[in-house]
Each structure stands twice: as C-alpha cells, then as structure tokens.
Amino acid sequence: MTTAGAVVAAGAIMLTGCGRGDGGGAGGPESKGAINDEPATGTVEVWAMGNEGEVLGELAKQFEEENPDVTIDVTAVPWESAHDRIATSIAGGETPDISMLGTTWVGEFAATGAFEPTPDGLVDEGDFFEGSWDTTIVDEVAYGVPWYVDTRVLYYRTDLAEAAGVEAPETWDEYKAFAKALQQQGATSGVSLPPGGFDSWQYVTPLAWQQGGDILADDGTTFTLDSPEWKEAFEFYASFFEEGISEPVRLEGGEIEQKFISGEVGSFYSGPYHVSLLLEQGGPEFADKFAVAMVPGADSRTSFTGGGNLAVFDDSENRDASWKFVRWLSEPETQVAWYDISSDLPSVQAAWDDPVFADDPYLSVFGEQLADSKAPPAIPTWAQVSAVIDQELEKVTRGETSVDDALAAVQQQAESIGTGQ
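A. Representation of the pairing of strand 6 (residues 145-151). Burial within strand 6 is extensive, with 7 of its 7 residues counted as buried. Pairing of strand 6 with strand 10 (residues 303-312) involves 6 bridges; the strand directions are antiparallel. Looking across to strand 10, one finds that P146 is bridged to N309. Of the strand pairs in this sheet, strand 6 and strand 11 (residues 345-346) are connected by 2 bridges, and their pairing is antiparallel. Along strand 11, the bridge assignment pairs V149 with L345.

B. Examining the pairing of strand 1 (residues 42-49) more closely. In this sheet, strand 2 (residues 70-77) lies alongside strand 1 in parallel orientation, the contact comprising 8 bridges. Residue pairing across strands places T43 opposite T71, the latter belonging to strand 2. As paired elements, strand 1 and strand 3 (residues 98-102) share 2 bridges and run parallel to each other. Among the inter-strand pairings, V46 is bridged to a residue of strand 3, identified as I98.

C. Spotlight on empty space enclosed by the protein. In this model, the largest cavity occupies a volume close to 190 Å³. Looking at the largest cavity, it is lined by 17 residues, and the ones nearest its centre are Y203, P206, L207, Y269 and V295. If you list the elements that add at least two residues to the lining of the largest cavity, you get helix 8 (201-209), helix 9 (228-242) and strand 10. Counting residues per element, the lining of the largest cavity draws most heavily on helix 8, at 4 residues. When grouped by side-chain class, the residues that make up the lining of the largest cavity number 12 nonpolar, 4 polar and 1 charged. Approximately 50 Å³ is the volume found for the second largest cavity. Lining the second largest cavity are S189, S192, E247, V249, L251, K259 and V265. Broken down by class, the residue content of the lining of the second largest cavity amounts to 3 nonpolar, 2 polar and 2 charged.

Definitions and limits used
- Residues numbered from 1 in each chain as written.
- Predicted model: local features only at pLDDT ≥ 70, side-chain atom pairs only at ≥ 80, totals over all residues.
- Heavy atoms only, no water.
- Buried < 20%, exposed > 50% of the residue type's maximum accessible area, 1.4 Å probe, protein only.
- Helix = DSSP H or I, 4+ residues; strand = E, 2+ residues; numbered from the N terminus.
- Pairing = 2+ DSSP bridges.
- 1 Å grid on protein atoms, 1.4 Å probe; cavity = no way out; pocket = protein on both sides within 12 Å on 5 of 7 lines; lining within 4 Å.
- Points joined across faces, edges and corners; volume = space filled by probe spheres on them.
- Nonpolar A, V, L, I, M, F, W, Y, C, P; charged D, E, K, R; others polar.

Structure follows, in structure tokens:
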C-alpha cells in the first residue's frame, strides 16, 4: 500500500538496511521448515485490500488450475479498516492463512509474533528490488515477501519544459531551476508538494537519503533525525514554499490531475497509477504533453518505495499451501499476469524484462527508479514517528518554526517514542 497531498488522496498509500540471507536470517525466530514442490492442497484463506482484494480471485483461478486440490478463498478488505481488522484478528487468534500488508505495517505486526518467518529457500531475495525486500525485514528476519511495488517519479509538462528550453532535472540545482522555468511558462506551481501534514514524510525523507542520511543509525535503534542531512533536506524542501515555487496548499484527489492538465501545476511526484488517470482525463492529445523522469537528487537519486507484501500467519491451518501460493505469486510470469489484471508493478526484477514494461516509455522509468528506491525501517512505532515528521515539517513550511527547532522536536519525540523493538 502507499502516496503527495493529492497523491495520498488519489489512493497511493503504497506509496513504506537490512540483513541479507535466504529467509529467516540469523538471531531471530525460525520458520517451520522448507516447502516442497508437491501440488498444493486444501483451502487457503487470503485477505487482500482495495482493488487487489477485488481482482485477486481472478489470478487465483490459475493457481487452482495448476493445483486441482486447492481452493484459494479471497476476502476483500477495505484499506480504511484493514489495519484494525488485522490487529483484531491477531488479538483474537482468528487470523486468515495469508494477509496482504502495507509495507509500513510489517514491523508493527511482526512484533506481535503473529507471522511465520519466510521459509529458507522459498524465494531468492536477490530476485527482488533491494529496497522492496528490505520492507519484509524485522530484526534481520524476513517475514513474507514483497508482492507488488510502488515508487515515486517526477511527472512534468513536456510542452512547458520545451518552451522554457529545459530538460528533466537530475540534480537539486537543476530541479529548482526547472520548476521556476515551468512557472515562467504559466504554471502557478512549478512543482506541487504537500506543505506538511499526512504522509508528507514520504517527500522529505528521500532528500535526506539522497545525501547519505537515514532515519536510524547503523545500530538500528538510534534515531538520526537531527543530522546535517535532515537539516539540509528540511531547508531545501521548505525553500520551494519560501520562494513561491510551490503553492502552500494540499491538493485533494482529482485536483492534481486537473491542475496538471490545465497547466496550473508544472510538475509533481506520484506513482504509476497517475499515468492512466492523466491519459483518461486529458484525452489522447495530452499524451504528448507530459512525461515522467527519475527524481532529481544529490549524491544519489533515491526515491521512496512502498507497495504490498504477503505474510503467512504463524498459526495458519494450511501452512504448506499458503507458502506455495505466495511463492507462485512471486514468479516472474505470474507477476506479469498480475500486472495485466491489477496494474500493480512487479516486485521481482526479472518481470521487468517483459516488453510490457521494458518497451513502455512510462513504466520503464519506474523500473529504473525502483533500482534506487528505499523504504523506512520496519519498526513497530514508525506510524507514530512519521506523524511527528509530518507535523514539524508543516510548521516549517508555514513559517511557524525554524528548521533547527523542528528537527530538535522530531528527534526528541522520536527518542521518547522509541523503536518498539
């Protein structure tokens, strides 16, 4: 699951460094053994959220055809109630066999002991994008596998850029100059950014990552949210509002598309779903007026990554078939078929070699960006810590506090909250 002001509202909540190994990892809980290659049998109960829950049954029929003695029972769970439903099921000991998870939920729920570590040899972690695989890791143990991925790239108006004589930016300096140039061609906002508030951490955190900064120190327990990299990230982000390059408003669902199509917004960050929205709402003639590019950066061009993971509950009544279904969903051919059904991007790198991705001018950029994308640490308290970042960032962009005071508050509150590990 993941999300820019408008991106969040439009439905991208997908849009959330770890040990490497073949499954459970060292020093943590052990899985209950490897999974064989015999056909799956019995019934597997799966909870999936949003659109995934509505269409997974279509894909599951293919697995049932290959495994005639298995039944995949999919329950569609609305995103807005999914977190509490999972928590309640764990507390009551009435979990399904498999659940889809927003990537930022893994740490919280894994801490309850509800999930079985990924069995040794089930999948090869090297087959996945590193940033995506890391969303499964809690205390050096993998819980489940990445199912689909999401990342942010820069959407921009090519006609405005061409008229201004600028190309898609690669560096921070080029980025600011690019956004100003789009304004000179009539855009009210050279780039639309959320001025803080809900999930705005997803936009400022990559700016710290791009300089080598991070959320936690190498020990995995010490917050580093008042580092020089974070200060530079906050200052650079706030400068877009101070200089009038971004309007200090959060665009709601539907607004970002219309303002981009009208030319009021010159550029914005979002996930892949916005391609189809813009083509549908802008009409055939709009296809030549926008493009996507990797995010501009500092030392790197790191973006935020999210998506959906699949985890098997430790008390699953059909562990064997559950993990076989998860493994099947991780095969490149299945991931390509899943994209055709759901429009979800593959978590397995080999699937991106398929022409449907490699030859698409939009999707191919997302594949490049996924190679340099990162998620926050899978700690149980991340929702609380990130809310503090959102709150303090908004104070900065609105001129209510200084960057130094905001980061001091973020660090102090994060330390008070702790990692929950």
